[in-house]
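# Summary of the model geometry
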Amino acid sequence: MAHFYISPDDRLQKIFDAAAPGDTIHLSAGVYRQKAVIRTPELTVLGAGPGKTRIVYDDYARKRGEDGFEYITFRSYTLAVCADGVRMEDLSVINDAGTPEKKGQQIALSVVGSDFVMKNCTLTSTQDTLFLGPLPPDLVERYEGFLPDELRRDGDMRQIFENCRI
C-alpha cells in the first residue's frame, strides 16, 4: 500500500491510473481544475477539508463532445468513481458550468461502484449534482457504444455518505 501526496499542479488522472488497490492519495489544499475517473478499486482519496481541497470542472449535458454528440447527463461529471471499495474524505467535488436552463444537467460526482464511502465532503452543482449507479437496464442498453462500459455497469451497488453536503 502506497501513499501519494498530490498538489493541484499534478494531473489527477495520471495519479489515479497509477494507483494500486489499497493505495491512499492525499490531496493538498487547492483547486484541482480537472475532470477525472477513478478505476482502481479499494482506493482512498483524502483531502485537506471540503472548503480547502476542491476538484472542479465545468462539463454539461448540452455540450458537444469530440464525437459530435451532446454529453448528456451521464458524461457531464467532474469526477466519476467506477470501481468498488473507494473511500473519499474531506474534499469538495464541484461542477461549475452554471446556467442549467441553457446547459442542462451538470453532475459533480458520478459513482458506478459498490461499497463506496464518502465522508465529510461537499458536492456542488446546479442540476443533477450526484448520480449513483447503476443505470437502469433500459439506459444500459440505450447507451451501448456511446457511454464507456465502466459508466454502464449493472448489478447491486451500495454507496454511503456520512456528514456530506450535497
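The rules we used
Residues numbered from 1 in each chain as written. Predicted model: local features only at pLDDT ≥ 70, side-chain atom pairs only at ≥ 80, totals over all residues. Heavy atoms only, no water. Buried < 20%, exposed > 50% of the residue type's maximum accessible area, 1.4 Å probe, protein only. Helix = DSSP H or I, 4+ residues; strand = E, 2+ residues; numbered from the N terminus. Pairing = 2+ DSSP bridges. Right-handed = clockwise from strand over helix to strand, strands pointing away. Contact = heavy atoms within 4.5 Å.

## Quick notes on the pairing of strand 2 (residues 24–27)
On strand 2, burial covers both faces: Thr24 and His26 on one face and Ile25 and Leu27 on the other are all buried. Both strand 1 (residues 3–6) and strand 2 contribute to a ladder of four bridges, which runs parallel. Paired with Ile6 across the strands is Leu27, a residue of strand 2. The parallel pair strand 1 and strand 2 is bridged by helix 1 (residues 12–18), and the resulting crossover is right-handed. Here strand 2 runs beside strand 5 (residues 44–46); their pairing, made up of three bridges, is parallel. The residue bridging Ile25 from the neighbouring strand is Val45, located in strand 5.

## As for the environment of Leu79
Inspection of the secondary structure assignment puts Leu79 in strand 7 (residues 79–81). On the basis of relative accessible area, Leu79 is assigned to the buried category, the value being 0%. In this structure the C-alpha to C-alpha distance between Leu79 and Ala36, which are 43 residues apart in sequence, comes to 5.1 Å. Setting aside anything within four residues of it in sequence, one finds Leu79 in contact with Phe16, Ala36, Ile38, Ile55, Met88, Val93, Ala108, Leu109 and Ser110.

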